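# Architecture and fold: a report
If you want the building blocks of each chain, they are given just below.
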Amino acid sequence: MAALCKAVCVAKRGAKLARISCRSLLAFGKLYSTGDTSEFPGNKEDTPTAEKKLSGFAAAFELHSGLQQKHDIAAGTVGKSPGSNEHSFATLLKQSPLVQMGTSKDKVAVGKIFHIVNNDLYVDFGGKFHCVCKRPAVDGEKYQRGSRVRLRLVDLELTSRFLGAKTDTTLLEADAVLLGLLETKPK
Amino acid sequence: MAVGLLKKALPRLGLAVPAWPGVRCMTSRLYGTAAAQTQIHQPDNSVGSDKILTEPLKHPDFFRLSELFSLKDLFDARVHLGHKIGCRHRLMEQYLFGCRLEQDILDLDQTMEHLQQALNFTAHVAYRRGIILFVSRNRQFTHLIESMARDCGEYAHCRYWQGGLLTNANVQYGKGVRLPDLIVFLSTLNNVFQQHVAVRDAAKMNIPTVGIVDSNCNPSLLTYPVPGNDDSGPAVELYCKLFRMTINRAKDKRRQMEILYGLKSQND
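This is a predicted model, so every value here is computed, not measured. Throughout, residues of each chain are indexed from 1 in the direction in which the sequence is written. Chains and ligands are labelled sequentially in the order written, the chains with letters from A and the ligands with numbers from 1. Where totals are concerned, whole chains, interfaces and linings use all residues; where local detail is concerned, this predicted model gives features only for residues with pLDDT of at least 70, and gives and counts side-chain atom pairs only at 80 or more. Only hydrogens and water are set aside; all other atoms, that is, all heavy atoms of the structure, feed into the side-chain values.

### Here's the deal with the overall build of chain B
Within chain B one finds eight helices and eight strands. By the burial criterion, 53% of the 268 residues in chain B qualify as buried. Whether two residues are in contact is decided by their heavy atoms, any of which lying within 4.5 Å being enough. Restricting the contact set of chain B to residue pairs at least 6 apart, pairs at least 24 apart contribute 67%. Entry remark: accessible area of chain B is about 12,400 Å², with carbon and sulfur atoms responsible for 54%. Working definition: helices are DSSP H or I runs of at least four residues, strands are E runs of at least two. Numbering for both runs from the N terminus. The rule is simple: take the accessible area with a 1.4 Å probe, protein chains only, and divide by the maximum for that residue type; under 20% is buried, over 50% is exposed, in between is partly exposed. Throughout, the Shrake-Rupley method with a 1.4 Å probe supplies accessible areas, and for residues the shown protein chains are the sole cover considered.

Okay, structure coming up:
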């Protein structure tokens, strides 16, 4: 959560981010809401009326969901269910795997080989750039166009500022270590 | 013709063609003053042909291009991903949503608006039988762009650009050469990360340009810049698909309108 909130933005977008971080708090809250009985109608044990006094996390969740509803009504986003296609760009970005992953160093990703030149495999794993890996010695023939492979990412874009340059020089490639083919479990 | 109509409405505008990207309206993009382009197609003075040309200008989205793409499509095609913060061009800061772990993220809300305007302009140019030239120096997508241009009946130049192609056309190709009426850049940089020569030359020759600008590009000389990713495969495939559909739609619409107004003028 801290990593999400740390997404540094241009100063004028600061207010927008503050609202996003509030929403992220609440999103995480919803994921953990197992014990809140008064909200769910299917629960037969507790009475329909909210007589049972909520405490601790349940009370906080009640309070924040009320606040979230007020905010939604104020912002005019009521009626937008999570399954609908009406997500804003900010929501799509926040929920995207790229942002949820955090730093790319040492993260394992699945990529697909889209081009092969002799022993170089060009693998696309969903980032801006593809990565180029050497064909491994073990099971070399199994790496063909369209094969899915596991990668350990190092960097999403290889850039560096050289002496005397105004901007970074970019290699237009990502950097990753090939771990092996994607092992599909036999059913 | 439309030029006569527009000159009647805005008498002083016919001569001044401002090159600032801020001015977006169709009326200021007049081809009448571009010396290198010759109007081969002589319009007849019947009411029908006048209607064909003026009717599309009355609607903000005559070709209904907003239904061709959505924010989700752009997002899934990775259009919002930019370069690292060190590669950022100062003039692209207005189009950025922010920077996440040193990678710039482009604002897709702004991209949607710019893309809509760019596609609308492309459609109008294709409707009026303009020549559209696709330019990109990204070798990964050369084949894709060339086949897309062939599919929509327009032109592509994804190879080495000779210095005087536009500015010295009369000498290199003979007199009376018709230059493109619109140049679309699917990547505005050449292979050494300098701006493609055609951007500057098109501005010199009064040719409007549409360009996909990434976070390391300079958007200032383009008429219709579209902030977006120009390096990922899915993104460029999406742009190619959109341009091809736009141009085909515009040409089909033109054929329909000609039949419609051609029949009307016969019946009158």
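Now, onward.
### Describing the pattern of salt bridges
One speaks of a salt bridge when a side-chain nitrogen belonging to Lys or Arg is within 4 Å of a carboxyl oxygen belonging to Asp or Glu. Summed over all chains, the structure comprises 22 salt bridges over all chains. Between K72 of chain B and D76 of chain B there is a salt bridge, and its shortest N-O distance comes to 3.3 Å. Of the two residues, K72 of chain B and D76 of chain B are both situated in helix α3 (residues 71–76); the distance of four residues between them amounts to about one turn of the helix. A salt bridge links D181 of chain B to R178 of chain B, with the shortest nitrogen-to-oxygen separation between them at 2.8 Å. A residue is classified by how much of its surface remains accessible, and D181 of chain B, at 7% relative accessible area, is buried. In the salt-bridge network here, residues are joined through shared partners; they are K128 of chain A together with D214 and D231 of chain B.

### Observations regarding the interface of chain A and chain B
The parts lose accessible area when they come together, and the size of an interface is often stated as this lost area. Contacts between chain A and chain B engage 34 residues on the former and 30 residues on the latter. Contact between chain A and chain B buries roughly 2,800 Å² in total, counting both sides, with carbon and sulfur atoms accounting for 61%. At the junction of chain A with chain B, the criterion picks out four salt bridges. The residue D214 of chain B makes a salt bridge to K128 of chain A at a minimum N-O spacing of 2.7 Å. Contacts described as polar in this section are N or O atom pairs within 3.5 Å, which, within protein, must combine one atom able to donate a hydrogen with one able to accept it, while residues neighboring in sequence count only if both atoms come from side chains. Our count for the chain A to chain B interface comes out at 13 residue pairs in polar contact (both at pLDDT 80 or more). Secondary-structure elements contributing two or more residues to the side of chain A that touches chain B are α1 (2–5), α4 (89–95) and α5 (97–101) of chain A. Take the side of chain A that touches chain B: its biggest share by element is four residues, from α4 of chain A. Basically, the charged four are Asp, Glu, Lys and Arg, the nonpolar ten are Ala, Val, Leu, Ile, Met, Phe, Trp, Tyr, Cys and Pro, and anything else, Gly included, counts as polar. Looking at side-chain class alone, the side of chain A that touches chain B contains 15 nonpolar, 11 polar and eight charged residues. Two parts placed together each lose some accessible area under a 1.4 Å probe, and the buried area is that loss summed for both.

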